[in-house]
Amino acid sequence: MFEEKLRQGMLGSFVADAVAMPVHWYYDVEAMDRDYGEIDDYLNPRNPHPDSLLHRAFDEIPDPIAEILHDQSRYWGMAGTHYHQFLTAGDNTINYRLAAELFQMIVTDEEYQSEKWLHHYISRMKTPGWNKDTYLEEYHRGFFMKLADGKSPGECAIDDHHIGGLSQIPALIAGLAAMGDDRLDFIRAKVQRHIELTHANKSVIRSGDILARLLYRIAEGDDLEVAYQGEVSSMIPMEYFQRWEKMEDRQVIGQLLSPACYIEQSFPSSLFLVWKYRNDFTGGVIANARVGGDNCHRGAVVGSLLGALNGVPEKWFQKKWNETLPA
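These notes cover the structure that comes with them.

Cut-off values and rules
- Residues numbered from 1 in each chain as written.
- Predicted model: local features only at pLDDT ≥ 70, side-chain atom pairs only at ≥ 80, totals over all residues.
- Heavy atoms only, no water.
- Helix = DSSP H or I, 4+ residues; strand = E, 2+ residues; numbered from the N terminus.
- Expected span 1.5 Å × (residues − 1).
- Buried < 20%, exposed > 50% of the residue type's maximum accessible area, 1.4 Å probe, protein only.
- Contact = heavy atoms within 4.5 Å.
- Salt bridge = Lys/Arg side-chain N within 4 Å of Asp/Glu carboxyl O.
- Axes fitted to C-alpha atoms, helices over the stretch in contact; angles between N-to-C directions.
- Parallel < 35°, antiparallel > 145°, perpendicular 65-115°, else oblique.
- Nonpolar A, V, L, I, M, F, W, Y, C, P; charged D, E, K, R; others polar.
- Phe/Tyr/Trp six-rings, centres within 6.5 Å; stacked < 30°, edge-to-face > 60°.
- Lys NZ or Arg CZ within 6 Å of the ring centre and 35° of its normal.

## A short note on helix α5 (residues 94-109)
Thought 1: For α5, built from 16 residues, the straight-helix expectation of 22 Å at 1.5 Å per residue is met to within 8% by its first-to-last C-alpha distance of 22 Å.
Thought 2: What α5 keeps buried is the set Ile94, Asn95, Tyr96, Leu98, Ala99, Ala100, Glu101, Leu102, Phe103, Met105, Ile106 and Val107.
Thought 3: Looking at the buried positions of α5, the neighbouring elements they touch are α1 (2-20), α6 (114-125), α7 (138-148), α8 (169-178), α9 (184-196) and α16 (295-310).
Thought 4: Of the residues flanking the end of α5, it is Glu110, one or two places downstream, whose phi is positive at about 60 degrees.

## A closer look at the environment of Ala300
Thought 1: Along the polypeptide, Ala300 turns up in helix α16.
Thought 2: A C-alpha to C-alpha distance of 18 Å links Ala300 and Asp249, two positions 51 residues apart in sequence.
Thought 3: Contact partners of Ala300, with chain neighbours within four places excluded, come to Ser13, Tyr96, Leu166, Ser167, Pro170 and Leu211.

## A closer look at the pattern of salt bridges
Thought 1: Here the structure, examined in full by the defined rule, presents 15 salt bridges.
Thought 2: With a closest N to O distance of 2.4 Å, Glu67 and Lys126 form a salt bridge. Linking Glu67 in helix α4 (residues 66-69) with Lys126 in the loop between α6 and α7, this pair joins segments that are 59 residues apart in sequence.
Thought 3: Using a relative accessible area of 32% as the deciding quantity, one classes Lys126 as partly exposed.
Thought 4: Where Arg217 meets Glu231, a salt bridge forms, and the shortest distance between an N and an O atom there is 2.7 Å.

## Digging into the packing of helix α15 (residues 281-290) against α16
Thought 1: At a minimum axis separation of 9 Å, α15 and α16 run at an interaxial angle of 170 degrees. It follows that α15 is roughly antiparallel to α16 by the angle criterion. Along the contact surface, α15 presents Phe281, Gly284, Val285, Asn288 and Ala289, while α16 presents Asn295, Arg298, Gly299, Val302, Gly303, Leu306, Gly307 and Asn310.
Thought 2: Class assignment of the residues belonging to the contact of α15 with α16 gives a composition of five nonpolar, seven polar and one charged.

## Some remarks on the packing of aromatic side chains
The description of an aromatic ring pair rests on the distance of the ring centres and on the angle between the ring planes.
Thought 1: Inspection of every chain in the model, using the stated rule, returns 17 aromatic pairs.
Thought 2: Ring centres of Tyr83 and Tyr135 lie 5.4 Å apart, and the angle between their planes is 75 degrees; this geometry places the pair in the edge-to-face category. Here Tyr83, found in the loop between α4 and α5, pairs with Tyr135, found in the loop between α6 and α7; they are 52 residues apart in sequence, far enough to count as distant.
Thought 3: Classification of Tyr83 by relative accessible area gives buried; the value is 5%.
Thought 4: Put simply, the rings of Tyr228, Tyr240, Phe241, Trp244, Phe272 and Trp275 pair up and form one aromatic cluster.
Thought 5: Seen from the ring of Trp275, Arg278 lies directly overhead, with NZ or CZ sitting 4.1 Å from the centre.
Thought 6: The residue whose ring lies beneath Lys315 is Trp316, and the NZ or CZ to ring-centre distance is 4.7 Å.

Rendered as structure tokens:
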């Protein structure tokens, strides 16, 4: 049961990412509603993306970055370019594709090896055609900038405070559980080590630790209120969640909390959605998509916790995950 709940958490993170993918980084929610209507299934992304910032980033990309952008670099600098324009309905964005491969590696090797993972990560990112995403997060670009400057892989993390740093954590924990590693201290140490490979940021590391402890408690059988009282209440009082759940989602995330990627706001936003939809996996992942902003990466928290609590309904289960992920 422990291992299966964590596997459902991993699958839940994949679902939340795939549901949010077409509306990733929409800040104009009226434009989102106009472009996609009611979100109740996996959808294809559409160009133009009204809130795309790729046109602003073009001049910031030095030559070494082309090694990981490959043929996607031509789209940087173009207004309205969707960040995931070449993905199709149900596809995962790059951080979750990496997460699936991390899980595979742990299960195949029967252990987590951070140095081997870094080698695999570098190899994948340097392989033209492996990834179809047009946009790569700042931490990817910063990592390879340092690598190009002669740093060793273990020294290439940047001070990135975005919630994308949590994308691989549900898969990491599920992989460790599949190997029989169910000691909380062991899991927490591996989570911290993995985040530190790419994110040298205390807030991201702290949030990853809280996510690990919440997933562990839920897998052990705690309900969400008990888990939140133990792990979250010192950061966000429970009365906040109880007050916010009576409000519209877009009032909370968009007015009280930012929908943006910065961990200081995106992590509490994610925890709010988990609390409000604690008995409704589908409602929670759809709500996460519909409030816009960095919904794909909030999905690491929203999808994993709701998946561990409720399981992933058959409606969302992708056959390709069952075929590519080891049992």
